[in-house]
Amino acid sequence: MSLPKSENGSTLENAMQLMIQTFHKYSGNEGDKYTLSKAELKELLTTELGNYLGSAQDKEAVEKVMKDLDSNNDGEVDFTEFIILVGALTVACNDFFLEYNDKPEKKK
Ligand SMILES: [Ca+2]
Ligand SMILES: [Ca+2]
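What counts, and at which threshold
Residues numbered from 1 in each chain as written. Chains lettered and ligands numbered in written order. Predicted model: local features only at pLDDT ≥ 70, side-chain atom pairs only at ≥ 80, totals over all residues. Heavy atoms only, no water. Donors = N, O, S within 2.8 Å, 3.2 Å for Na, K, Ca; no water. Tetrahedral: all angles 85-135°; square planar, octahedral: opposite > 155°, others 65-115°. Buried < 20%, exposed > 50% of the residue type's maximum accessible area, 1.4 Å probe, protein only. Phe/Tyr/Trp six-rings, centres within 6.5 Å; stacked < 30°, edge-to-face > 60°. Helix = DSSP H or I, 4+ residues; strand = E, 2+ residues; numbered from the N terminus.

*Asks:* Just checking my understanding: could you explain the coordination of the calcium ion (ligand 2) for this structure?
*Replies:* Any two of four tetrahedral donors ideally make an angle of 109.5 degrees at the metal, while pairs among six octahedral donors ideally make 90 or 180 degrees. Protein-derived ligands of the calcium ion (ligand 2) are Asp70 (OD), Asn72 (OD1), Asp74 (OD), Glu76 (O), Glu81 (OE) and Glu81 (OE), with the metal-ligand distances lying across 2.2 to 2.6 Å. Its six donor atoms give the calcium ion (ligand 2) angles of 51 to 158 degrees at the centre, a pattern that matches the irregular case. The sequence pattern formed by the donor residues of the calcium ion (ligand 2) is D-x1-N-x1-D-x1-E-x4-E. The exposure class assigned to Asp74 is partly exposed, which follows from its relative accessible area of 43%.

*Asks:* Hey, could you run me through the packing of aromatic side chains in this one?
*Replies:* Under the criterion given, the structure shown has four aromatic pairs. Aromatic pair Phe23 and Phe79: ring centres 5.1 Å apart, planes at 85 degrees, arrangement edge-to-face. With Phe23 in helix 1 (residues 11-27) and Phe79 in helix 4 (residues 79-102), this residue pair connects regions lying 56 residues apart in the sequence. Here Phe79 falls in the partly exposed class, since its relative accessible area comes to 27%. Note on Phe79 and Phe82: the rings are 5.9 Å apart at their centroids and 45 degrees apart in plane angle, and the pair reads as tilted. Of this pair, Phe79 and Phe82 are both found in helix 4, three residues apart, which corresponds to roughly one turn of the helix. An aromatic cluster of at least three residues, connected via ring pairs, comprises Phe23, Phe79 and Phe82.

Here it is as structure tokens:
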């Protein structure tokens with residue numbers, strides 16, 4: 001996979017670029033190039049977030065995620081709606097990380 005000149009970017013800048021690229025990798029497959037249809041969303045969820053959202057494979061879960069994300073109810077997930085999902089997942093990961101670090105270390 002080749003990124004546009006990003007060797008000067010910071011880690012966070014590269015992460016942002018990757019989120020944008022990831023979104024467009026799936027959003028361009030059908031219909032509107034800049035939004036995710038249900039099929040595109042499903043592919044993104046299963047391919048890119050399979051470890052976090054294992055249950056997204058089943059159809060109902062995708063429908064639910066779609067409904068939750070589609071705040072303007074146009075039946076597509078745009079980048080703003082997508083980034084809310086990524087943000088919420090990142091917060092959940094951070095909470096998990098903090099909790100994990102809070103555990104007493106000496107416990108076996
Ligand atoms: Ca699309
Ligand atoms: Ca939408």
